[in-house]
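Close look at the chain arrangement
Residues per chain, in single letters:
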Amino acid sequence: MIIRNCRIRGKEGLFDVVCENGIFQKITPHKSILEEAMEEENVFEAEGRMMMPPFVEPHIHLDCVLTAGIPHYNMSGTLFEGISTWHEYKTTQPLVVSEIKERAKEALRLMAEHGVQFVRTHVDVTETSFKGVEALLELKEEMKGTIEIQTIAFPQNGIMSLKNGKELMIRAMDMGIDCVGGIPHYEYTREYGLESLKFIFDLAEKYDACVDVHCDEIDDGQSRFLETLATMAWERGWGKRTVAAHTCAMGSYNDAYCSKLFRLLKDSEINFNSCPAASTHLQGRIDTFPKRRGITRIKELSEAGMNVALGQDSISDPWYPLGVGNLLRVLEMGVHVAQMTGYEDLRHCLDFISTNGAKNLCLDQEYGIEEGKDASFILLDGKNDMEVLRFLSPVVLSVHKGKTIVEKIPAKAKVLF
Ligand code: 17E
Ligand code: FE2
């Protein structure tokens, strides 16, 4: 396959890109390919559109997607009603592996349409039938070569605050879940939260696994599990394999504490995830006015040289009723609420849903537009980051390891004046 006449994100000029055997074979300035090659059947005329590595979804709960309204909608819009509604869902009806898989797959189709090829998903391991774990492990295998999935053992109801919480985590890791999750801010006490973090890192070391913890997902400025998470990652040299997700409380920390905290965060080398659409919806609910935005310090962390990736969290589930699998929509929300709308911010904004996500997922050989790497890319109906975000440009072509997984012909309006 040859992609002819495309821009490549981060490079000047126009290019022709040759993919063969699932690998980028040649990336050359446009027109340097021989005329015979042009006539080949397998040439895609890009018309100057921008090629870039695929979007990465670093944080979604695929076991819950598309369940909004069952048994009822989240009426308060709070995280806590989300958790209790999900609890009702999982305890009042039999869970069926094939149904969970079909919902998750439908969400993957939506994400694929919007350029995602790599996904890291949580799966609730305190749902004790383990049907969600079974379903997502099967789906991960079935989707290999089309969309790559990493799984996280997520203890929705806590680890220490459940009598058998530790066993459930171990059982999930034994079944083949990739990463260790946690929820320290939701444990009954601060002490339980701290103890859960130690357990999480011990488990990660034992299974040689990445850590990806829901951390301080609350507007409580006293919720400071992040400092312990970062310190443990730093002590054990686990920073690059650790993600602190949400860290909403950082939006409520005082500046003096935060400036001290940043030194540790930087030294620890941990990664961050923020879900600005879900968090602005869920947080700030108990405030009247002024009403907090409920998101972590995305801009400040980034400017201090730390890695922050943006994710969806939810697609139509007990926590968040909207979402169509489009990370551009999440990014648009993110640049507004984090006030990253300056020219320099917008010029690089797609990093938040691509290369930054790839770092969270520890991708390497399989990610990037370079000769010799896997031929995985998307072609956007736009020329640069700012234009793509402004128009929420459609993905016209998505190719994973040389295999076309999505083609789209963008709609064209006829304006009659
Ligand atoms: N569970 C949780 O604790 N937090 C969330 N944001 C979601 C599930 C979606
Ligand atoms: Fe989450």
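Just above sits the structure.
Residues numbered from 1 in each chain as written. Chains lettered and ligands numbered in written order. Predicted model: local features only at pLDDT ≥ 70, side-chain atom pairs only at ≥ 80, totals over all residues. Heavy atoms only, no water.

1. A word on the pairing of strand 11 (residues 242-246)
By the criterion of burial, strand 11 is predominantly enclosed, with five of the five residues buried. Relative to strand 11, strand 10 (residues 211-215) runs parallel, the two sharing five bridges. Looking at the pairing, Val213 lines up with Ala244 of strand 11. The β-α-β motif built from strand 10, the intervening helix 7 (residues 225-236) and the parallel element strand 11 has right-handed crossover chirality. (Buried < 20%, exposed > 50% of the residue type's maximum accessible area, 1.4 Å probe, protein only. Helix = DSSP H or I, 4+ residues; strand = E, 2+ residues; numbered from the N terminus. Pairing = 2+ DSSP bridges. Right-handed = clockwise from strand over helix to strand, strands pointing away.)

2. Side note on the nonpolar core
Of all hydrophobic cores here, the largest spans 86 residues; its most connected members are Leu62, Leu226, Leu265, Phe272 and Leu350. With residues up to four places along the chain from it excluded, the contact list for Phe272 reads Leu226, Val243, Ala244, Thr247, Met250, Leu265, Leu301, Met306, Asn307, Val308, Ala309 and Asn360. By size, the runner-up hydrophobic cluster in this structure holds 18 residues, among which are Ile8, Phe15, Val17 and Cys19. (Core = buried A, V, L, I, M, F, W, Y, C linked by side-chain atoms within 4.5 Å. Contact = heavy atoms within 4.5 Å.)

3. With respect to the coordination of the iron ion (ligand 2)
Summarising the metal site, the iron ion (ligand 2) is bound by the protein donors His59 (NE2), His61 (NE2), His214 (NE2) and Asp313 (OD), whose distances to it range over 2.1 to 2.3 Å. The site at the iron ion (ligand 2) holds four donor atoms, and with the angles between them running 85 to 178°, its shape is irregular. Sequence positions of the donors to the iron ion (ligand 2) reduce to the motif H-x1-H-x152-H-x98-D. With His61 in the loop between strand 6 (55-60) and helix 2 (79-92) and His214 in strand 10, this residue pair connects regions lying 153 residues apart in the sequence. Take His61 and His214: they sit in the same class, and that class is buried. (Donors = N, O, S within 2.8 Å, 3.2 Å for Na, K, Ca; no water. Tetrahedral: all angles 85-135°; square planar, octahedral: opposite > 155°, others 65-115°.)

4. A look at empty space enclosed by the protein
What the rule picks out here adds up to two cavities of 30 Å³ or more. If you go around the largest cavity, you meet 13 residues; those closest to its centre are His61, Leu79, His214, Glu217 and Trp319. Across the lining of the largest cavity, the residue classes break down as five nonpolar, five polar and three charged. The computed volume of the second largest cavity comes to approximately 60 Å³. Looking at the second largest cavity, the residues that line it are Asp63, Trp86, Tyr89, Leu95, Ile100, Arg103, Asp124, Glu127 and Gly132. Only helix 2 and helix 3 (97-113) provide two or more residues apiece to the lining of the second largest cavity. Tallied by class, the residues present in the lining of the second largest cavity amount to four nonpolar, one polar and four charged. (1 Å grid on protein atoms, 1.4 Å probe; cavity = no way out; pocket = protein on both sides within 12 Å on 5 of 7 lines; lining within 4 Å. Points joined across faces, edges and corners; volume = space filled by probe spheres on them. Nonpolar A, V, L, I, M, F, W, Y, C, P; charged D, E, K, R; others polar.)

5. Quick notes on the site of ligand 1
Around ligand 1, the structure places His61, Leu79, Phe154, Gln156, Ile183, His214, Glu217, His246, Asp313, Ser314 and Trp319. Within the contact set of ligand 1, a nitrogen atom lies 2.7 Å away from a side-chain nitrogen or oxygen of Gln156. Interatomic distance of 2.6 Å between a side-chain N/O atom of Asp313 and a nitrogen atom of ligand 1. Taken by itself ligand 1 offers 260 Å² of open surface, and the protein chains cover 100% of this. Classifying every residue of the shell around ligand 1 by side-chain character gives four nonpolar, five polar and two charged. (Near = heavy atom within 4 Å. Polar contact = N/O pair within 3.5 Å; in protein donor to acceptor, adjacent residues only side chain to side chain. Areas by Shrake-Rupley, 256 points an atom, 1.4 Å probe, with all protein chains shown as cover.)

6. As for the side chain of Arg49
In this structure, Arg49 sits in the loop between strand 4 (43-45) and strand 5 (50-52). Once residues lying within four places of it in the same chain are set aside, the contact partners of Arg49 are Asn5, Cys6, Arg7, Leu379, Leu380, Asp381, Gly382 and Val396.

7. Quick look at the packing of aromatic side chains
A full pass over the atoms with the stated rule returns seven aromatic pairs. Measuring from ring centre to ring centre gives 6.4 Å for Trp86 and Trp319, while their planes differ by 45°; the resulting arrangement is tilted. Here Trp86 is found in helix 2, whereas its partner Trp319 is found in the loop between strand 13 (308-310) and helix 11 (327-337), with 233 residues between them in sequence. Here Trp86 falls in the buried class, since its relative accessible area comes to 3%. Connected via pairs of aromatic rings, a cluster forms that spans Trp86, Tyr89 and Trp319. Lying over the aromatic face of Tyr253, Arg224 brings its terminal NZ or CZ to 5.9 Å of the ring centre. Across from the ring centre of Tyr257, 3.6 Å away, lies the NZ or CZ of Arg224, which sits over that ring. (Phe/Tyr/Trp six-rings, centres within 6.5 Å; stacked < 30°, edge-to-face > 60°. Lys NZ or Arg CZ within 6 Å of the ring centre and 35° of its normal.)

8. So, the pattern of salt bridges
All chains considered together, the criterion is met by 25 salt bridges. Note that Arg120 is salt-bridged to Asp212, the shortest N-O span being 2.8 Å. Taken together, the residues Arg120 in strand 7 (residues 116-124) and Asp212 in strand 10 connect sequence positions 92 residues apart. With a shortest N-O distance of 4.0 Å, Glu370 and Lys373 are connected by a salt bridge. (Salt bridge = Lys/Arg side-chain N within 4 Å of Asp/Glu carboxyl O.)

9. As for the layout of surface pockets
Estimates place the volume of the largest pocket at around 370 Å³. As for the largest pocket, its lining consists of 16 residues, and the residues nearest its centre are Gly10, Lys11, Lys383, Asn384 and Asp385. Secondary-structure elements contributing two or more residues to the lining of the largest pocket are strand 1 (2-8), helix 12 (343-347) and helix 14 (385-391). Taken together, the residues of the lining of the largest pocket break down into four nonpolar, four polar and eight charged. Estimates place the volume of the second largest pocket at around 280 Å³. Taken together, 15 residues line the second largest pocket, and the ones lying closest to its centre are Gly251, Arg293, Ile295, Thr296 and Arg297. With three residues, helix 10 (residues 298-303) is the largest single contributor of residues to the lining of the second largest pocket. Split by residue class, the lining of the second largest pocket holds five nonpolar, four polar and six charged.

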